[in-house]
Amino acid sequence: MTKLSEGTIEALSNGTGVNDAVLQLVNIRKLDGGNGPSRFRVMMSDGRHTLSSFMLSTQLNHMAEENILAPNCICNLKRHVTNILKDGRRVVIILEIDVIKPAKDVAGRIGDPTPYTEGQSKGPQSAPVPENRPPLQPQNRNEAVNRGLNRDFGKKAPSVMPNTPGGSSKVVPIASLNPYQSKWTIRARVTNKSSIRTWSNSRGDGKLFSMEIVDESGEIRVTGFNQEVDKFYSLIEAGKVYYISKGSLKLANKQYTSVKNDYEMTLNGESTIIPCEDSCDVPMVQCDFVSIGDLENRDKDAIVDVIGVCKSVDDISRLTTKSNREVSKRTLSLMDMSGKVVTVTLWGEEAEKFDGSSQPVVAIKGAKLSDFGGRSLSASFSSTLMINPDIPEAYKLRGWYDKEGHAMDGQSLTEVKGGSGGGNTNWKSLSDVKTEHLGHGDKADYYTCVATIVFLRKENCLYQACPSQDCNKKVVDQQNGMFRCEKCDKEFPNFKHRLILSANIADYGDNQWVTCFQESAEAILGQNAAYLGQLKDSNEAAFDEVFQHANFNTFVFRNRVKLETYNDESRIKATVMDVKPVDHKEYSKRLILNIRKLAANH
Amino acid sequence: MASLLDASKPRINCSMLSQHIGRGVCFVGRVEKVHPTGKTFSVSDGEGKSATVELNEPLEEELSGIVEVIGMVSSKGVITTTTYNILREDKGIPFDLELYNEALKVIHDFPQHYPFEVAASG
């Protein structure tokens, strides 16, 4: 009979666990993790004792699912880690385990093991694990704890278990919070509190607010809805420390936050929030700063924390949003020791209050990275903006900037070449397009230019298209009152007019033949295709006048060029993707900038 | 003063006034204070500096906002107006005086690229 490694259970429970222990699997139970992967809780025996607080690490789930790990099998526990909860309970995570004798080859339980009880008496544990001892997700949290420790800016030496306040409740670290335990208290500082947001949809109305809290072990996002807003919103102040207990935990939606925690918390009817007086060892903020130079390697839409010196700041501008709200906006350039500069956009009150004089150190937690102009950052409503924060990074930056940084020009990740909307605005003149051979490569090239329409071809600018919603294919006139669409393979008694407009546009240096499809053609002509179709047949003079009127107007064109080959002949085809009126202010600024740049390089 | 309108009238700001004494100029600025007589008013340019503008006849209308004055610079640095236009701010895009000033500096920094001189006999 295979000999079990007696004494292993006791050793594991005391934290002196060894590897390569031979144990018998007594019981294995699957626990549904909700959104996450299932977890398997295992009870093992060493012949002397049993212990039910073993958890299979998720990468070994297949062993349970394929019944390799089954009750009574003998195993060699090759690798494990032990986690201790604040209340003293221990969990052993099985990282690597080999089955040395399968269950079917084992008669029954070896020896007469009794459940191992630790210091506090818990009573005998029955083989099926009772509900009120739910398992944990320890691996993730271990990392979170370590990260929290590394990033801690607090004044005292960080410890995983913070001091209990002298009251009766024991405080656990944020890093240990999970959906399976409800009776906990944490002590944390609020780093960021959002404003109250309301919504109204078919299911009713509601309001919510959210905040981010931090302690020595990590950080977590907390949301309160409806009644909790009324209960807690005015009580909570950013920067202050509170005891919080009995919130509900669920898997975090990482899309909206840079907070490093797999879970996020929702306040419910049982949650309590009490101010804490003794708060000096709770850190102020948890940030994982990304070097500005590194931003190029991050994906767009990533949420990042950055810190740098504000080299320059622009004036406030005001925009009107699609919902006709006026909002203030201000951009600043941020530089750090990588020598790279990035443009940061601030909104609303933050934009208005921002004072960039004396080049302060600016840190932003949870800024949104965008690919506008290459790479740029935006402070959203959930970002936290800190000016000259009291953290070591800030002092380092200040020292570096005063010594060398101030003299550097810095290389900007954000193209300053005018920003009309998203995407990389690649301004070219029409002669540039030809001299730079745009469109000659494998892929099409896109460019933006300011040009004037000098000719519009009104002949054959309209065609008869399939009347179906998403089909624009030209229909064949069957001459019997019906029109056939080959793509839809149907006949219709009607068609819709669509535009394909051939035009010649020019600037000071060169001209270019372009094709404009429906939207851009309608924008240039100032009339819609259906109307023009009618006009052509009914009033030719008026039809001609539309083209006269449209001629010699200047626009900002965004064009696509590509070399196309037809029967041994290659020609550059240019298509207008978008047409916009010229923003003269932006254009002037860009011209002045380019002139100055040219002069400086002389 | 009809001949003034035939000659070239470079666009200037306050810092360029002294270089154009006795010459026709075009000055764009924001109306600051109008003298009670209506015969003179002050304007500020894109750099915030002020100049005085004199008129032949008193103003018949309310003057405010951005104005373009064509006239001659006197020895005292005052612009005697031949004609003026008001650039209305309630229509279209508001005039950006600071941007105008930047453009002005470019024109004066690179006169070889902005040959505005018109032949006097022309």
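Described below are features of the structure shown in this document. (Residues numbered from 1 in each chain as written. Chains lettered and ligands numbered in written order. Predicted model: local features only at pLDDT ≥ 70, side-chain atom pairs only at ≥ 80, totals over all residues. Heavy atoms only, no water.)

With that out of the way, let us pick up the pairing of strand 13 (residues 263–266) of chain A. All names here are of chain A. Across the two faces of strand 13 the burial is the same, with Tyr 263 and Met 265 and Glu 264 and Thr 266 all buried. Sheet topology note: the strand 10 (residues 218–225)/strand 13 ladder contains 2 bridges and is parallel. Within strand 13, the residue paired with Thr 223 across the bridge is Thr 266. (Buried < 20%, exposed > 50% of the residue type's maximum accessible area, 1.4 Å probe, protein only. Helix = DSSP H or I, 4+ residues; strand = E, 2+ residues; numbered from the N terminus. Pairing = 2+ DSSP bridges.)

Following the criterion strictly, the structure yields 9 aromatic pairs over all chains and no others. Ring centres 5.1 Å apart and planes at 55° place the aromatic pair Phe 543 of chain A and Phe 547 of chain A in the tilted group. With Phe 543 of chain A and Phe 547 of chain A both in helix 10 (residues 540–550) and 4 residues apart, this pair spans about one turn of that helix. Judged by its relative accessible area of 5%, Phe 547 of chain A falls in the buried class. With centroids separated by 5.5 Å and ring planes inclined at 50°, the aromatic side chains of Phe 95 of chain B and Tyr 100 of chain B adopt a geometry described as tilted. In this arrangement the basic side chain of Lys 193 of chain A is found over the ring face of Tyr 233 of chain A, its NZ or CZ atom lying 3.8 Å from the centre. For Arg 590 of chain A, the ring lying beneath its charged end belongs to Trp 427 of chain A, and the centroid distance is 3.3 Å. (Phe/Tyr/Trp six-rings, centres within 6.5 Å; stacked < 30°, edge-to-face > 60°. Lys NZ or Arg CZ within 6 Å of the ring centre and 35° of its normal.)

Residues and elements named next belong to chain A. Strand order in the open sheet formed by 3 strands is 25-26-27, and the pairing between neighbours is antiparallel. Each edge of the sheet is formed by a strand with only one pairing partner; in this case those strands are strand 25 (476–477) and strand 27 (490–492). Across 3 bridges, strand 26 (residues 483–485) lies against strand 27 in antiparallel orientation. Across the sheet, Phe 483 pairs through a bridge with Phe 492, a residue of strand 27.

This paragraph deals with the pattern of salt bridges. Residues and elements named next belong to chain A. Evaluation of the coordinates by the stated rule reveals 25 salt bridges over all chains. The salt bridge involving Lys 434 is made with Asp 510; its shortest N-O contact spans 3.1 Å. Here Lys 434, found in helix 7 (residues 430–435), pairs with Asp 510, found in the loop between strand 28 (496–506) and strand 29 (511–517); they are 76 residues apart in sequence, far enough to count as distant. With a relative accessible area of 38%, Lys 434 lands in the partly exposed category. Accessibility expressed as a relative area gives 24% for Asp 510, which makes it partly exposed. Across the salt bridge formed by Arg 484 and Glu 486, the nearest N and O atoms sit 3.6 Å from each other. The network of salt bridges with shared partners includes Glu 219, Asp 305 and Lys 365. (Salt bridge = Lys/Arg side-chain N within 4 Å of Asp/Glu carboxyl O.)

We now examine helix 8 (residues 518–525) of chain A. Where helix 8 of chain A is concerned, the buried positions are Gln 518, Ser 520, Ala 521, Ile 524 and Leu 525 of chain A. Where helix 8 of chain A ends, the next residue or the one after it, Gly 526 of chain A, has phi of about 75°, a positive value.

On to helix 2 (residues 97–109) of chain B, then. For helix 2 of chain B, spanning 13 residues, the distance from its first C-alpha to its last is 18 Å, which sits close to the expected 18 Å at 1.5 Å a residue. Burial in helix 2 of chain B covers these residues: Leu 97, Leu 99, Tyr 100, Asn 101, Leu 104 and Val 106 of chain B. Packing partners of the buried residues in helix 2 of chain B comprise helix 11 (584–600) of chain A together with strand 1 (11–12), strand 2 (24–34), strand 3 (40–44) and strand 5 (66–73) of chain B. With a side-chain oxygen positioned 3.2 Å from the backbone nitrogen of Glu 98 of chain B, the residue opening helix 2 of chain B is Asp 96 of chain B. (Expected span 1.5 Å × (residues − 1). Contact = heavy atoms within 4.5 Å. Polar contact = N/O pair within 3.5 Å; in protein donor to acceptor, adjacent residues only side chain to side chain.)

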